[in-house]
Amino acid sequence: MKILGIIPARLASTRFPAKALADIQGKSMVQRTYEQAAAAKKLDKVIVATDHEDIRKHVESFGGEAVMTSEQHPSGTDRCREALDKQAADYDYVINIQGDEPFIHPDTIDELAELLDGEVQLATLVNEVKEAPLLFNPTIMKVIFNKNNDAIYFSRECIPYLRGYDKSEWLEHHTYYKHVCIYAYRADILREVTQLPISSLEKAESLEQLRWIENGYFIKVGITQHESISIDTPADLERALKVMGLD
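Please read all numbers here as calculations on a predicted model, not as lab measurements.

(A) Inspection of helix α1 (residues 29–38) at higher detail. In terms of residue burial, α1 counts as a mostly covered element, since seven of its 10 residues are buried. Listed as buried for α1 are Met-29, Val-30, Gln-31, Arg-32, Thr-33, Tyr-34 and Ala-37.

(B) Spatial organisation of unusual backbone geometry. For the bond running from Ile-159 to Pro-160, omega is -5 degrees, close enough to zero to count as cis. Within the secondary structure layout, Pro-160 lies in the loop between β9 (151–155) and α6 (170–173). Unlike most non-glycine residues, Ala-18 shows phi in positive territory, near 55 degrees. Ala-18 gets classed as partly exposed once you look at its relative accessible area, which sits at 31%. At Gln-25, a residue that is not glycine, the phi angle is positive and equals roughly 55 degrees. Counting through the fold element by element, Gln-25 comes out in the loop between β2 (23–24) and β3 (27–28).

(C) View of the packing of aromatic side chains. A full pass over the atoms with the stated rule returns eight aromatic pairs. Measuring from ring centre to ring centre gives 5.7 Å for Phe-136 and Trp-170, while their planes differ by 50 degrees; the resulting arrangement is tilted. Of this pair, Phe-136 sits in the loop between α5 (132–135) and β8 (142–145) while Trp-170 sits in helix α6, and the two are 34 residues apart along the sequence. Members of the aromatic cluster, each reached through a chain of ring pairs, are Phe-136, Tyr-161, Trp-170 and Tyr-176.

Conventions and cut-offs
Residues numbered from 1 in each chain as written. Predicted model: local features only at pLDDT ≥ 70, side-chain atom pairs only at ≥ 80, totals over all residues. Heavy atoms only, no water. Buried < 20%, exposed > 50% of the residue type's maximum accessible area, 1.4 Å probe, protein only. Helix = DSSP H or I, 4+ residues; strand = E, 2+ residues; numbered from the N terminus. Phe/Tyr/Trp six-rings, centres within 6.5 Å; stacked < 30°, edge-to-face > 60°.

Encoded structure:
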C-alpha cells in the first residue's frame, strides 16, 4: 500500500496572512508541519502542495519537496488532487495533512494510515470531547458514526442532542467526539469527489465531508488519543505555544 502525504499550503489567508511562513521558534509553520509528517512511518513520500513561489522556494530551502498548484482551488482536497496527478509514481492513498497543524503528532498520521486497506474509500480521525465548552463551539466539528465506524454526520452543532438533561450535564451522560482535521482518500475516490458539485448539506454547514456523505461515499472513522491544534489566527498560535510549552 503506497501512501502519499500531502500538505496543502497557500499563501493567502484572511485571518492570518502568509501563515504558512509564520515563524514558530525559529522554524516556519510549514516546515514544522513537514517535519512532523516526514517522521510518520507509514508515508512513502511527503510533499507540500502550494500556490505560491515563496512557499515552494522556502520548502526546497529546508530540503523538502513542493509542487506548484493552482491559486483557484476552493479546498485543500482539490489541491491534493492536482498534486497527486502531478506525481510520476502511482499511489494507493493520499493523506491530507493540514498545513496549519505544525504540532501534529507523527503517530496521528500513522493511526490514520492503519485504517487504509484498499477497500476504505475515505478516512479520518476523531477524539473524545472532554471539555464542555467545546461541545458548543461552532469552530469545533462534532462527529457521529455507526457501529462499523463509518461517519454518519459532521456538524458545527453539538450532536447528538441529549434529551432530558441540562446541557451542562451532557458530557456526564454521553461520549461525544470531535473531528481531528486530517483526511485520507483512496486515489480513485479523491479524483471522484473533487468532481462533485457542492451539496446542500455542505453549503449549510460549510463542511466538505458532507458532500461526500450526501453522495453516498463512506468515511471510515478512527479514534485517536492525540489532540489536534489548528492555527487559524495569530491568537491561535499564541495559545498553541503555551499548550506546547514553547512560549
